[in-house]
Amino acid sequence: AVGALREAIRLKPALTLALAHLGIAHLIHPSGTRDVGNASKFLKEAAALAAKDSTISPLDRIAIEINAGVAELAAGGEAEAIFSQALNALTATTKGSRQQSDNALAAAIDYNRALLLENSSTANARRNAVQMLERYLGTASPASAWWQIGYERYVRLCKAAGIQPKSEEQ
């Protein structure tokens, strides 16, 4: 699949979704080897193209932007501005009436912003991370592969912050 995406981009360099998918392929590789540098490069390029690409829906633009933030976070870069921009775009796009796909995007933003805050030196930032993870866990499907990882992270963060974690059922 990576070879086909690379060939598509070679033939037409401004293929937004091909760049986004290639970035994700570098970020989440089945063998476990990741190339976060290329993931970040391709996803940033896809996000820049998506902003001007009328064939990409607003929610798809936001998803690409979130993935660009994830890649930047994985590369050790500054991702807060990317997640804030994605949240602002989501809020502007949905104008307060969210649907399930919108909630999934908001949950992804909460999850990743919590990752940024969980190792903060301030107790207030860690409490904000707990709240973000609670929102994520309340919105995301427990069947999601990320839900259990998020819950385990939430429990660790609560304990470190001296907060009683809610049970999985809650």
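All values derive from a computational prediction rather than experimental measurement.

Undergrad: Please explain the packing of aromatic side chains as it appears in this structure.
TA: One pair of aromatic rings is described through two measures. These are the centre distance and the angle between the planes. Inspection of every chain in the model, using the stated rule, returns four aromatic pairs. In textbook terms, an aromatic cluster arises when at least three aromatic residues are bridged by ring pairs, as seen for Tyr 111, Tyr 136 and Trp 146.

Undergrad: Quick question: what am I supposed to make of the packing of helix 2 (residues 16-27) against helix 4 (residues 58-74) here?
TA: A pair of packed helices is characterised by two quantities: the angle between their axes and the separation of those axes. At a minimum axis separation of 11 Å, helix 2 and helix 4 run at an interaxial angle of 35 degrees. Relative to helix 4, the crossing made by helix 2 is left-handed. Between helix 2 and helix 4, the residues in contact are Thr 16, Leu 17, Ala 20, Ile 24 and Leu 27 and Ile 64, Asn 67, Val 70, Ala 71 and Ala 74, respectively. Along the lines of polarity and charge, the residues of the contact of helix 2 with helix 4 split into eight nonpolar, two polar and no charged.

Undergrad: Is there a simple way to explain the side chain of Thr 16 in this structure?
TA: Relative to the assigned elements, Thr 16 resides in helix 2. A relative accessible area of 3% places Thr 16 in the buried class.

Undergrad: Help me understand helix 7 (residues 123-139), please; the structure alone is not making it clear to me.
TA: An α-helix turns once every 3.6 residues. As a result, residues three or four positions apart point the same way. Between its first and last C-alpha atoms helix 7 spans 24 Å; for 17 residues at 1.5 Å apiece the expected length is 24 Å, and the two agree. Residues of helix 7 that are buried: Ala 125, Ala 129, Val 130, Met 132, Leu 133, Tyr 136 and Leu 137. Along the axis of helix 7, the buried positions cluster into a sector of 165 degrees, meaning they face one direction only.

Undergrad: Looking at this structure, I do not really get the pattern of salt bridges. What am I missing?
TA: Note on pairing: side chains with opposite charge can pair once their charged atoms come close. A full pass over the atoms with the stated rule returns six salt bridges. Two residues, Arg 113 and Glu 80, come together in a salt bridge whose shortest N-O distance is 2.7 Å. Note that Arg 113 is positioned in helix 6 (residues 100-117) and Glu 80 in helix 5 (residues 80-94), a separation of 33 residues in sequence. For Lys 166, the salt bridge is made with Glu 134, and the minimal N-O distance between the two is 3.8 Å. Taken as a pair, Lys 166 in the segment after helix 8 (145-161) and Glu 134 in helix 7 lie far apart in primary sequence, 32 residues in all. Since its relative accessible area comes to 27%, Glu 134 is described here as partly exposed.

Undergrad: Any chance you could explain the nonpolar core here in plain terms?
TA: Across soluble globular proteins, nonpolar side chains have a tendency to be buried as a group. Core analysis: the biggest nonpolar cluster contains 17 residues, and Leu 133, Tyr 136, Leu 137, Tyr 151 and Tyr 154 have the highest contact counts within it. By size, the runner-up hydrophobic cluster in this structure holds 16 residues, among which are Leu 5, Leu 19, Leu 43 and Ile 64.

Undergrad: Quick question: what am I supposed to make of the packing of helix 2 against helix 3 (residues 36-50) here?
TA: Interhelical geometry of helix 2 versus helix 3 gives an angle of 155 degrees and a closest axis separation of 7 Å. On the basis of the axis angle, helix 2 is roughly antiparallel to helix 3. Once helix 2 is placed against helix 3, the crossing between them reads as left-handed. Contacts from Thr 16, Leu 19, Ala 20, Leu 22, Gly 23, Ile 24, His 26 and Leu 27 of helix 2 reach helix 3 at Val 36, Asn 38, Ala 39, Phe 42, Leu 43, Glu 45, Ala 46, Leu 49 and Ala 50. Within the contact of helix 2 with helix 3, the residues separate by chemical class into twelve nonpolar, four polar and one charged.

Undergrad: How should I be thinking about the side chain of Arg 153 in this particular structure?
TA: Structurally, Arg 153 is set in helix 8. In terms of polar contacts, Arg 153 uses its side chain to reach the side chain of Glu 118, at 2.4 Å. Setting aside residues no more than four positions away along its own chain, Arg 153 makes contact with Tyr 111, Leu 115, Glu 118 and Leu 133.

Conventions and cut-offs
Residues numbered from 1 in each chain as written. Predicted model: local features only at pLDDT ≥ 70, side-chain atom pairs only at ≥ 80, totals over all residues. Heavy atoms only, no water. Phe/Tyr/Trp six-rings, centres within 6.5 Å; stacked < 30°, edge-to-face > 60°. Axes fitted to C-alpha atoms, helices over the stretch in contact; angles between N-to-C directions. Helix = DSSP H or I, 4+ residues; strand = E, 2+ residues; numbered from the N terminus. Left-handed = near helix turned anticlockwise from the far one by under 90°. Contact = heavy atoms within 4.5 Å. Nonpolar A, V, L, I, M, F, W, Y, C, P; charged D, E, K, R; others polar. Buried < 20%, exposed > 50% of the residue type's maximum accessible area, 1.4 Å probe, protein only. Expected span 1.5 Å × (residues − 1). Arc of directions from axis to C-beta. Salt bridge = Lys/Arg side-chain N within 4 Å of Asp/Glu carboxyl O. Core = buried A, V, L, I, M, F, W, Y, C linked by side-chain atoms within 4.5 Å. Parallel < 35°, antiparallel > 145°, perpendicular 65-115°, else oblique. Polar contact = N/O pair within 3.5 Å; in protein donor to acceptor, adjacent residues only side chain to side chain.

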